[in-house]
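# Fold and geometry: a report
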Amino acid sequence: MFYTDNIHFDKKGITLTDKNGRLLNPKEARIKVANRVKSWFSDILLFKVDLVGYCPFWFFRKFVYQLAGLRIGNGSKIHVGARFFEPKNISIGDDTLVGEFSFLDGRAALTIGSHVDIASQVLVYNSEHDIDSEDFKAINEPVTIEDYAFIGPRAIILPGVKIGKGAVVAAGAVVTKDVEAFSVVGGVPAKEIRKRKIGNPSYKLGRSRLLQ
């Protein structure tokens, strides 16, 4: 018998199995094939979007990101080297900055508000595996980062988290649960350190460097 992953050829013909080796009936097989082809096209598109992320000219990166479905407000900018999953589910408000080499996950809704400062190499996830599931299935949960929040370098935000208005996440923190408005959190897992002293922010982040 000759086989390649999920497609098996033998004297009886062609059979298809899922990733766990379960035999698929013809209807299930057609659905699997259609989903696999759709996934390939999506992966190719995502690869092209990620490549564009290294272009030094923001107006071109923004144009391509918007073509891919990402919604981005006035005055906002995503710095070079950023990567995505499913840009069509990502929404960014006005005057928001996303640092270089950050990762934004759009497998569920990712909503980023206005005047949000996301530093370099921040990872935002909204999909994770259920480690107690028999088939190790994925769980998708939306992530929200509200206005005037600041996310420090190399912080990680996990699925289902809401970062409140004006909250601060310290560098390297791993955020596993909601952060209250104007709270400063840090550590692994992130815990509240103190409250931010500003209560009604109105600042603008302003212009970033030209070729970032």
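This text gives an overview of the structure that appears in the document. (Residues numbered from 1 in each chain as written. Predicted model: local features only at pLDDT ≥ 70, side-chain atom pairs only at ≥ 80, totals over all residues. Heavy atoms only, no water.)

## Concerning the overall build of the chain
- On a plain count of helices and strands, the chain comes out with two helices and 22 strands.
- The burial tally for the chain puts 39% of its 212 residues in the buried class.
- When contacts within the chain are restricted to residue pairs at least 6 apart in sequence, long-range pairs at least 24 apart make up 25% of them.
- When the accessible surface of the chain is totalled, it reaches about 12700 Å², and 58% of it is carbon and sulfur. (Helix = DSSP H or I, 4+ residues; strand = E, 2+ residues; numbered from the N terminus. Buried < 20%, exposed > 50% of the residue type's maximum accessible area, 1.4 Å probe, protein only. Contact = heavy atoms within 4.5 Å. Areas by Shrake-Rupley, 256 points an atom, 1.4 Å probe, with all protein chains shown as cover.)

## Overview of the sheet that holds strand β15 (residues 143–145)
- Pairing is parallel in the open sheet, where five strands are placed in the order β4-β7-β10-β15-β18. The open sheet is flanked by β4 (71–72) and β18 (162–163), the only strands paired with a single partner.
- Direction of pairing for strand β10 (residues 110–112) relative to β15: parallel, over a ladder of three bridges. What sits directly across from Thr111, in β15, is Thr144. (Pairing = 2+ DSSP bridges.)

## Points about the pattern of salt bridges
- The full count for this structure, using the stated rule, is five salt bridges.
- Linking Asp50 and Arg83 is a salt bridge whose minimum nitrogen-to-oxygen distance equals 3.2 Å. Residue Asp50 is found in helix α1 (residues 26–52), and its partner Arg83 is found in strand β6 (residues 83–85); the two are separated by 33 residues along the sequence.
- Overall, Asp50 belongs to the buried group, its relative accessible area being 7%.
- The residue Arg107 makes a salt bridge to Asp105 at a minimum N-O spacing of 2.8 Å.
- Residue classification places Arg107 among the partly exposed residues on the basis of a relative accessible area of 34%.
- Judged by its relative accessible area of 0%, Asp105 falls in the buried class.
- One continuous salt-bridge network, built from bridges that share partners, spans Glu180, Glu192 and Lys195. (Salt bridge = Lys/Arg side-chain N within 4 Å of Asp/Glu carboxyl O.)

## Digging into the environment of Arg83
- With a relative accessible area of 45%, Arg83 lands in the partly exposed category.
- Among all residues touching Arg83, those that are not within four sequence positions of it are Asp50, Ser102, Phe103 and Leu104.

## Examining the nonpolar core
- Ranked by internal contacts, the top residues of the largest apolar core, which has 37 residues, are Ile78, Phe84, Ile145 and Ile163.
- At the level of secondary structure, the elements contributing two or more residues to this core comprise α1, α2 (58–67), β7 (90–92), β10 and β15.
- Apart from the residues lying within four places of it in its own chain, the contact partners of Ile163 are Thr144, Ile145, Glu146, Ala149, Ile151, Ile157, Val169, Val175 and Val179. (Core = buried A, V, L, I, M, F, W, Y, C linked by side-chain atoms within 4.5 Å.)

## Brief notes about the sheet that holds strand β17 (residues 156–157)
- The parallel open sheet is built from five strands, whose spatial order is β6-β9-β12-β17-β20. The sheet is open, and its two borders are formed by β6 and β20 (174–175), each paired with just one other strand.
- Looking at chain direction, strand β9 (residues 103–105) and strand β12 (residues 123–124) are connected through two bridges and run parallel. Bridging across to β12, Phe103 finds its partner in Leu123.

## Section: the packing of aromatic side chains
- Counted by the stated rule, this structure contains seven aromatic pairs.
- With centroids separated by 5.3 Å and ring planes inclined at 90°, the aromatic side chains of Phe85 and Phe103 adopt a geometry described as edge-to-face. Of this pair, Phe85 sits in strand β6 while Phe103 sits in strand β9, and the two are 18 residues apart along the sequence.
- Judged by its relative accessible area of 31%, Phe85 falls in the partly exposed class.
- On the basis of relative accessible area, Phe103 is assigned to the buried category, the value being 11%.
- An aromatic cluster is present here, built from Trp58, Tyr65 and Phe84 joined pairwise through their rings. (Phe/Tyr/Trp six-rings, centres within 6.5 Å; stacked < 30°, edge-to-face > 60°.)

## Comments concerning the pairing of strand β22 (residues 191–195)
- Pairing geometry for strand β21 (residues 183–186) and β22, over four bridges, is antiparallel. Each residue of the ladder has a partner; that of Ser183, found in β22, is Lys195.
- Between β21 and β22, which pair antiparallel in sequence order, lie four residues; one of them, Gly187, sits at a positive phi of approximately 100°.

## Some details on the side chain of Thr96
- Locating Thr96 in the fold gives a position in the loop between β7 and β8 (97–98).
- Within polar-contact distance, the side chain of Thr96 engages the backbone oxygen of Gly113 at 2.7 Å.
- Once you skip the residues sitting within four places of it in the chain, Thr96 turns out to touch Gly75, Ser76, Lys77, Ile112, Gly113, Ser114, His115, Val116 and Leu205. (Polar contact = N/O pair within 3.5 Å; in protein donor to acceptor, adjacent residues only side chain to side chain.)

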